[in-house]
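Fold and contact review
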Amino acid sequence: MKATPAASVVVILLVVATHHPSNGVKIWVPHVSFSDAANWVSGNLPTAGQTIVFPSKLNALVSFPVGIWTVSSLILPQQGGVLFPDHSFSLNVVSRDPAAISVAIFNAPGRTPYYSGSNWATYDEQRSTHSSPNAAVPHSERVPCQYELAVFEVGKNMPKPIDMQYHESIEVGNVHFGDTIEGLDSFQNFMSSELGQFLFYNAEDTLVRQGKCANADKCPCQEPRQMDAICSNVRCTVPHCLSPIHPPGHCCPICGSCLRMDMATIKGVFDMQTFMDKLRRKINTGEVDDSGVEFHIGVDRSTGANVVQLIIVDKGEYGEKSTRMMDSLRPFFEKQFSSGFQVTHAGQPHTPLEGGQLLAFVMLTLIVASTFFSIMYVYYYDDVLLPRLRAAVRNRQFFTTPFVFARFDPNNDVDGLSVDVNYPSAVQLANEEREESAALGDDVGNHHASSFNNPMYEKPAPKVDPAMEAVDDVELLVK
């Protein structure tokens, strides 16, 4: 077996056993599996005779599965650890022609936050066949509460590296790591060890300590500081409903229904466990199909209150199934509580516009409005463009003569849009004036003087060539 020079290579024999604690337990879900094809660069598991290569910066612990393994060589990481089972395991190294040797490379796993609800589950959720967690459970209750037990299972696979994100402290009831580490002090020492540093990152100054309150019936699940850490790892999406609800413990508004009942207003003795059992039976045997909804029953103690809280949400896309389920349970609540309970609904389904869609809608609205007002202005107030368009359509030359340049055409005298830019001669002006006077029947010499003659608008008297005058005089003498 060949190995690269290792700065901190850890190869140990690990004895593991199965641990099954009682209720009030959260289990770390993400693990690093040697037998998962997705963890290999080629997308396939190693075959016999291959060279198995771990990246130099593995920054994790990987456990070999039991069985007989035949490799041509094994390249160990410089930063990380490889764990071998203490029984039912054999590693055989065989020599092969270098040209015939293929390589299987393991992907370095990433880190995932401790304060992330998607990384934890209860034993019931682990045994469930559902791939996604219950969306009705508040984010504050998905991470180990300050009075609960946090379990890191170590068996065939090792936990995926945990990012502590430089938090000041982790407050839980107790911690178990496999079957060898139990208790807060032992876990704190393991985190600081060489092996623990390959699993817990950014935890140099993080303290693991007992929660401030160990009684689940009197204490909130998370303190405000822990709640801020949990919500910092949650990415909220836009709810597709008219009036999203925001139950306490949830980091984001959601679509669904929520019932809240202050236990202080309940008359007589109230048994929470009995109420929860009755409510579950009512939901499972109700008229409304419960296969399309998810629900969670809990007690909100976040602000010092003691409020029973029922949250019902739709599975998948919101379609008001949760609302109909809550309405069907109203007679049951009226019988259990004479008054004081509050029910809120998220309303009808609604798909709000997102950032890009909203910008496109605003731009389209501006374009349509600008076009409309431009047309109105041209129709009512513009005395230039509209008459030209009408003349072009009337003369049927709108598509044959470019109206923008037709008015500068000096040769076209039939186009309604053309303007003759040639100045007439003096003789042409005189003849035109005579023709106009004759057509109107006016006497040429009978002109009334205007009250004011503006020289800018007066037409100059036509100049007659002296040669023409001489010819006219001669003709008069002859006559």
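This text goes with the structure placed above it.
Residues numbered from 1 in each chain as written. Predicted model: local features only at pLDDT ≥ 70, side-chain atom pairs only at ≥ 80, totals over all residues. Heavy atoms only, no water.

1. Some points on the sheet that holds strand E4 (residues 51-53)
Taking strand neighbours across the sheet as the criterion, the three strands line up as E7-E4-E10 in an open arrangement whose pairing is parallel. Every other strand in the sheet has two partners, leaving strand E7 (73-75) and strand E10 (103-105) as the edge strands with one partner each. Within this sheet the neighbouring strands show an average axis-to-axis angle of 15 degrees, counted without direction. Here E4 runs beside E7; their pairing, made up of three bridges, is parallel. Its bridge partner lying in E7, Thr 51 is registered against Ser 73. (Pairing = 2+ DSSP bridges. Helix = DSSP H or I, 4+ residues; strand = E, 2+ residues; numbered from the N terminus. Axes fitted to C-alpha atoms, helices over the stretch in contact; angles between N-to-C directions.)

2. Quick notes on the state of the cysteines
The full count for this structure, using the stated rule, is five disulfides. With its sulfur 1.8 Å from that of its partner, Cys 145 forms a disulfide with Cys 221. Handedness here is read from the sign of the S-S torsion; for Cys 145 and Cys 221, about -85 degrees, the answer is left-handed. Here Cys 221 lies in the loop between strand E20 (207-210) and helix H3 (224-231) and Cys 145 lies in the loop between helix H1 (123-127) and strand E13 (149-152), a separation of 76 residues in the sequence. The burial state of Cys 145 is the same as that of Cys 221; both residues are buried. If one numbers only the bonded cysteines of the protein chain, in the order they occur, the disulfide pattern is 1-4, 2-3, 5-8, 6-9, 7-10. (Disulfide = S-S within 2.5 Å. Buried < 20%, exposed > 50% of the residue type's maximum accessible area, 1.4 Å probe, protein only.)

3. A word on the nonpolar core
Counting 33 residues, the largest nonpolar core has Tyr 114, Phe 152, Met 164, Val 175, Phe 177, Phe 187 and Phe 200 as its most contacted members. The set of elements that each furnish at least two residues to this core consists of E13, strand E16 (169-172), strand E17 (174-177), helix H2 (184-192), strand E19 (200-201) and H3. Examining the composition of this core, we find that four residues originate from one element, H2, more than from any other. Those residues in contact with Met 164 that lie beyond four places of it in its chain are Tyr 114, Ile 170, Met 191, Phe 200, Tyr 201, Asn 202, Ala 203 and Thr 206. (Core = buried A, V, L, I, M, F, W, Y, C linked by side-chain atoms within 4.5 Å. Contact = heavy atoms within 4.5 Å.)

4. Concerning helix H4 (residues 272-284)
Between its first and last C-alpha atoms H4 spans 18 Å; for 13 residues at 1.5 Å apiece the expected length is 18 Å, and the two agree. Turning to H4, its buried residues are Met 272, Phe 275, Met 276, Leu 279 and Ile 283. The arc enclosing the buried residues of H4, seen along the axis, measures out at 100 degrees, which places them on a common side. Of the residues in H4, the exposed ones pointing more than 90 degrees away from the buried face are Arg 281 and Asn 284. (Expected span 1.5 Å × (residues − 1). Arc of directions from axis to C-beta.)

5. Here's the deal with the sheet that holds strand E23 (residues 307-314)
Strand order across the open sheet formed by four strands is E22-E23-E21-E24, with antiparallel pairing between neighbours. Where the open sheet ends on each side, the last strands, each with one partner, are strand E22 (293-300) and strand E24 (342-345). Ignoring strand direction, the axes of neighbouring strands in this sheet form an average angle of 15 degrees. Where strand E21 (residues 257-262) and E23 come together, six bridges link them in antiparallel fashion. Within E23, the residue paired with Ser 257 across the bridge is Ile 312. Most of the contacts of H4 go to E22, to which it runs at about 170 degrees, and overall it touches E22 and E23. Running at roughly 140 degrees to E23, helix H5 (residues 321-328) makes contact with E21, E22, E23 and E24 of the sheet.

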